[in-house]
Amino acid sequence: MSTITAALGTDRARRLRAVLTVLFAGAVAVGAPFYFAPFQVFQLTMVLLYAVALAGLNLLVGFGGQISLGHGAFFAAGAYAAAVMLDRYDTGHLATLPVAAAGCFLLGLGFGVPALRLRGLYLALVTLSFAVFLPPLLKRLEPVTGGSMGLTVDKLQPPAWSGLAEDQWMYFVVLAVTAVALLLARNLLRSRVGRALLAVRDNESAAEVMGVRLSLHKTLAFAWSAMFAGVAGCLYTWVIGFVSPDSFSFVLSITLLAGLVVGGLGSLYGPLLGAAFVMYVPSVSQDLSEAAPGVVFGLLIIAVMFVAPTGLAGLPGRVLGAVARRLPRTAAALDRTPEAESAPDAEPKSRTESGTSATLDPADPAVVDAEPVGAPPRTEKE
Amino acid sequence: MSAVTDLLQQVVEGLGSGAVYASLALALVLIHRFTGIVNFAQGELAMLSTYVAWQLVASGMPFWLALPVTLAVSFAGGMLVERIVIRPVQGAPELTVVIVTVGLFIFVNALAGLIWSFTVKDFPQPFPDGAIDLSGVRVDWSTLGIIGVVAVVMGLLYLLFQHTSIGLVMRAVACNPSSARLSGIRVGRVLMLGWGLAATVGAVSGVLVAPVLFLEPNMMGGVLIYAFAAATLGGFDSPVGAVVGGLFVGVAETLTGAYVDVIGADLKVGVPLVIILAVLLVRPQGLFGRAAVERA
Amino acid sequence: MRKTTALRAAAAATAALLTATACSSQRGQDAQDTAAGGACKGQQTTGITDKTIKLGGIYPLSGPASAYGTISKGVAAYFKYVNGKGGIDGRKVQFIVRDDGYQPPKAVEEARRLVEQEKVFAVFQTLGTPSTAAVWDYLNKQKVPQPFVATGASAWGTDDKHPWTVGWQPNYVAEARVYAKFLKDERHKAKVAVLYQNDDFGKDLLGGFKKAVAGSGIKVVAEESYEVTDPSVSAQMASLARSKANVLLDVTTPKFGSQALAADAKNTKWNPLHIVNNVSSSAAVLQPVGFKNVQGVVSATYFKDPADPHWADDPEMKTYTDALHKYAPDADPANQFNAYGWAVASSLHKALDTMKCPTREGLRDAVRNLKDVKVGMLLPGVTMSTGHDDAFPLETMQLMRFKGERWQLFGKPVDTRKEFGPLTK
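Because the structure is predicted, anything quoted here is derived from the model rather than measured.

*Asks:* I tried to follow the interface of chain A and chain B on my own but got confused; where do I start?
*Replies:* Size of an interface: often given as the accessible area lost when the parts come together. Contact residues are listed per partner, giving 49 residues for chain A and 46 residues for chain B. Looking at the side of chain A that touches chain B, the elements that each hand over two or more residues are helix H6 (120-140), helix H10 (204-209), helix H12 (250-263) and helix H14 (293-307) of chain A. Among the elements that take part in the side of chain A that touches chain B, H6 of chain A stands out by supplying 13 residues, more than any other. In terms of residue class, the side of chain A that touches chain B is made up of 33 nonpolar, nine polar and seven charged.

As C-alpha cells, this is what we get:
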C-alpha cells in the first residue's frame, strides 16, 4: 500500500492519472444521455445544475467560511432574470446566461458589503430573512414577474443539425455550462483569490497581518458565489420552463446548504454528490415509505451526517484511512475508541494516508487543506 | 374610535405576535448558550410537545395536570434527542450539527403529520376568555397571559445564566468543550441538560401559542423564522434580548403593515429584515449580545 | 507503477467502450402503442388494455402543503373499491401516487417518470397551481391527458393551448361569483373587507369577486393578504377591523381559516357578516374555533361534507365511509380532503365510462363533452357539464349558513355560468 502511494506521488504518474480520470468521467458523462431513459437524463440534468449552485455556495461556505442561508434567493434571481428576458423581450436562451450571471454577481457584491460586518450565525440568519422576503416581493412585482401565477417560457430546443432529443440537448448544454463553472471554481481557488480566502477562513487575523485584503476578498467571495447560484437559476429556467415565487421559498436555501454539507464542504466534487443527494434521495424516501416520505428523508440526512460528518466526499478517505490505520498497526488501533476515530483530528491523517483514492488528487486544494474541511465558520467565542 | 386608540390597538396586536416570537426565541437562545449552535428543529420539538399535551388532554387528563407532565416529558425527550441524535456528531464541524437539526426538523414534522394528521386541532386555552378594555383599547387575557409567562421564563433564564454555577459551566462548555472537559466538567451531561431545558422552554412556547395559532404540524414553522429574527436582533446570547427583539419585531411589522400602504401586509416581513440589518451593522452582536473577543 | 497505470487505462477504456456500445439500452424506442383499427385507428392506447388502466397522480405527500396529500388516499380508496367490484368497464385501475413536495421542478420530474417510465394512460391528478402550471406544457406536448387537476385556478378553463388539461372543482372566480350574487340579493349596499392568501388562489378569488360586484352598490373597502409561511393572521384581522366593513370575505386555507374565525369571534366590537370560502368551510375547521363562535357564518359548497351529520344516512356517504375504513384504514373519513378525492375519482370514473374510444384521445374528448353528469358525492343539483367552449366541469355551488352544530344549505344551487355568463381570460 505504502509503496503504491509513494510511487503515485511522482509528478508524471499523477498527471497521467488525472488525465485518465478526466477522460473516463468525460466518456461516462457524454455517453449517459444515449443510455438512460429521457426522464433519467432529465434527472441528471437537474443534478448538474444544482451542482453549479452548490459549487458557488461552496466557494462562500466551504472556502470563505461565511454561511449563507439565502442562496435560494440568488438562484431565484437568476431564474427570474432568464424567465423575464425570454417572456418579455424574446431574447433567445443564450443571451440570458451572461445577464443572469452578471446581475447576480452585482447583487452578490451588494450583499457582500454589509456581510463584511456580520459573522457566522448572524450572517446566516440575515441571509435567511432575505430568502424569506423574496417570494412576496416577486409577487408584488406582478407586471414584470407575472405575480403568483409565475411565468411559463419556452424550454431549450435542440437545433435541427444536432439530431438530438430535447432532453439530450438540454443535458449537453447544461453539462457544458457545469463543466465550465466547475473548472472556473477550481481555478479561482488555485489563484490568489483562493489562497487568500483559505487564509482568511483559517485565521482571519493572521491573514490580515500577512497583508491579505480582507474586505475585498470576502466581498468578492460573496459575489462569485452569488454568480454561480444565478447561473444555476438561469439553467433551471431553460430546463423547467416555468418559474413561480413559491418555487423559491426559503426551504430552497436551506436545502442548498444541507446539500452542500451532505456532499462535503470544501471539496471540489462534494457539490456533485450533494446535488445528487438533493435530487434522488426524496424519491428514494418515497419508495421506502409511501405514508410519510419526510420521515425517511429526515432520517437519511441524519444518518449520512453520522456516517460522514465531513460529507459524502470525505467518506472514501475516512473509510480508507480507518482501514489503513488498522492494517499496519492493529495493536495500536485496538485501543482506539470509536469516539477517538470520529474526532476531527482523525481527518487529516486519513486523507494523507489514503492518497490512492482515484479522485483525491493531492494537488487539489481539497486535500491540501484537508484539516479544516467544513471547519466551523468561526462564530463569536468569548 | 380615535386615531390614537386605533394606533394603540395595533401596538397591542403587535405585542401579542411579538410575545409569540419571543417565547420560541428564548428556547433558541438557551440552546445557543449551551451548545453554540442554532437549532432548526427547536420549533418542531415544541410542536411535538404540544401534541403530547393535546393527546393527554384529549384522553381526559385535566389541563393543569397535563401541563407539568408534558414539561417533564419534553425535558426527558430533549435529553434523549441530544444523546441519540446530537452526541454521535459531537466534535464534527459545527455546520454538520446544524444540518442534523435540519434533518430532525423534517423528520419530526413528517412524523407529527403521520401520527396526528394535518387536520387543525383545538387546544385548550389556559387563560380566561374575553378581554379587558383600557379606554377603548381591547387587550385579550390570552395576550396578557402569553406576555406574562414569557416574562417569567425570561426572568428564570436570566437567573440561571447569571446567578447559578450552571450558567458558568455551560458558558465554559459552549466556549471550548475540550478545555471544559479537562477542567473536570462532564460535558456530555451539560449538553444533555441544555437540550432538555431548551425543549422544556419550547414546550411552554408551544402550549402558549397553540390556542392562538391552532395546532397542526406546521404551526411552528412560521414562528421559527420570526424567532430567528428576534434572537438575531436581540443577540443570540441574551434572554432579555430575545424578548425585546421579539416584541420589537412584532410591533414593527404590525404597524408598518397596517399604516404604510406601499409596504402592506404582503411585504411587512421585510421590515424586521431591514431593522435587523441596520442594527447589526452598528452592533454586529445584536442589541444585547456580548461583543466577540477575537484571539488570533 | 507502470502496471497500475496500464491497468487503469485499460479499465477506463473498457468502461467507456461499454457505455458507448450499450447505447439506448434503457432509452428504448419510444414507439407509442396505437389502436389497430376501427374508428379509433391511430389513437394512443398507452397505459390501457382490455383488462387494466394505469393512472398516475402527483401530490404533496411531504413539505408545506402535505395537508392536501391525503386527497390521494381518497382517490386510491375509490379505485380499490371499484376494482373490488370488477373495475371500470372491466378494467382494473392501477393508481400510482408520486410525491412532489409542492415543488414545481419535482412535479416535472415525477410527471416525466409517470409518462416515460410508468407509461401511464393519464396523469390524474396534479395538485396545486404551481405544480400543474409547471407540467401542463410537457403533458400537452406528449399528448397525455391531464384530467381534473386539483386546483381551482381559472387558467385551466380559459386557456386554448392545452386541450389535454381540464379542471374539475368550481374555479375560484366561480366561487367568488356565488358570494357576489348572495350579497347583491341580500346586502346590496355591503362594504366588504377581504382577507386573502397571497397566491393564485387568493388573487383569483379576490379578482373574480371585484369583477362580479363591479357596478353594484357593493364595495370592497379593505383588503389584507397573508403568506402561507406567516404564523398568524391576527395583525391583518386587526387592520381589517378598522375598516368598519359590514361583510368579511375570508379567503383562506384551513389553519388560517380557523385563526380568522377565532379572531372575528373575539372582537366583540366588530361583527361583520363572515363569509368563509369553501376550502376552509369544513366542519373540521370550524369545530376547533367552537361552534358557538361561528354561528351565522356563510359559505358555499359543491360536494358533501363528510363531517356533516346531515349526510350520515346518504347512501354514497355510507359507501365512502365503509370503503375508506376498508381500503385506507389510516385515513380519517371525516376529513373533507378524503371525500374530495373520492368525489373526483368517481367523476373520472363517469368520464371514462363515456369514452367513445378507449384511448388517450378518447379521454381527452370525453372530459370535454360531459352533459349534466351526476356524481354521488356531489350535492344534489350540482352536475358536471363541459363543451367545446366550456372547460369547467363544475360551475355550480350552493350557499350554506352555519347553524347549531352544522351547515344548513339555503337557496337554490347557483349556476354561475348561467348567472354571469362564461368565464373569459
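*Asks:* In this structure, what is going on with helix H7 (residues 200-213) of chain C? I would like to understand it.
*Replies:* Given 3.6 residues per turn, any residue in an α-helix points the same way as the ones three and four places further on. Residue and element names in this part refer to chain C. Helix length check: H7, at 14 residues, gives a terminal C-alpha distance of 20 Å against a target of 20 Å (1.5 Å per residue), a fit within 8%. Burial analysis of H7 places eleven of its 14 residues in the buried class, which makes it a mostly covered element. Buried residues of H7: Asp200, Phe201, Gly202, Lys203, Asp204, Leu205, Leu206, Gly208, Phe209, Ala212 and Val213, and no others. Packing partners of the buried residues in H7 comprise helix H4 (129-142), helix H6 (172-186), strand E4 (191-197), strand E5 (219-226), strand E6 (247-251) and helix H14 (416-420). Gly215 sits one or two positions beyond H7 and adopts a positive phi of about 85 degrees.

*Asks:* Where do I start with the environment of Ser68 of chain A in this structure?
*Replies:* Structurally, Ser68 of chain A can be placed in the loop between helix H3 (38-63) and helix H4 (71-89). Each residue touching Ser68 of chain A, except ones within four places of it in the same chain, is listed here: Leu57, Leu60, Val61, Ala124 and Thr127 of chain A.

*Asks:* Could you clarify how one ought to interpret the sheet that holds strand E1 (residues 52-59) of chain C in this entry?
*Replies:* The strands that make up a sheet are held in pairs by hydrogen bonds between backbone atoms, and each pair lies either parallel or antiparallel. Residue and element names in this part refer to chain C. One open sheet accounts for three strands, arranged E2-E1-E3; its pairing is parallel. A strand with exactly one partner marks an edge of an open sheet, and here the two such strands are strand E2 (92-99) and strand E3 (122-126). The sheet shows a mean angle of 25 degrees between the axes of neighbouring strands, direction not considered. Across eight bridges, E1 lies against E2 in parallel orientation.

*Asks:* Would you mind showing me how to read the packing of H4 of chain A against H12 of chain A here?
*Replies:* Any two packed helices are characterised by the angle at which their axes cross and by the distance between the axes. Residues and elements named next belong to chain A. In the contact formed by H4 and H12, the axes pass within 7 Å of each other and the chain directions differ by 115 degrees. In terms of orientation, H4 and H12 fall into the roughly perpendicular class. The handedness of the crossing between H4 and H12 is right-handed. Counting all contacts with H4, which are made through His71, Gly72, Ala73 and Phe75, the residues of H12 involved are Phe250, Leu252, Ser253 and Leu256. A breakdown of the residues in the contact of H4 with H12 according to their chemical character gives five nonpolar, three polar and no charged.

Reading the values: the criteria
Residues numbered from 1 in each chain as written. Chains lettered and ligands numbered in written order. Predicted model: local features only at pLDDT ≥ 70, side-chain atom pairs only at ≥ 80, totals over all residues. Contact = placed C-beta atoms within 7 Å. Helix = DSSP H or I, 4+ residues; strand = E, 2+ residues; numbered from the N terminus. Nonpolar A, V, L, I, M, F, W, Y, C, P; charged D, E, K, R; others polar. Expected span 1.5 Å × (residues − 1). Buried ≥ 20, exposed ≤ 12 C-beta atoms within 10 Å, placed from the backbone. Pairing = 2+ DSSP bridges. Axes fitted to C-alpha atoms, helices over the stretch in contact; angles between N-to-C directions. Parallel < 35°, antiparallel > 145°, perpendicular 65-115°, else oblique. Left-handed = near helix turned anticlockwise from the far one by under 90°.

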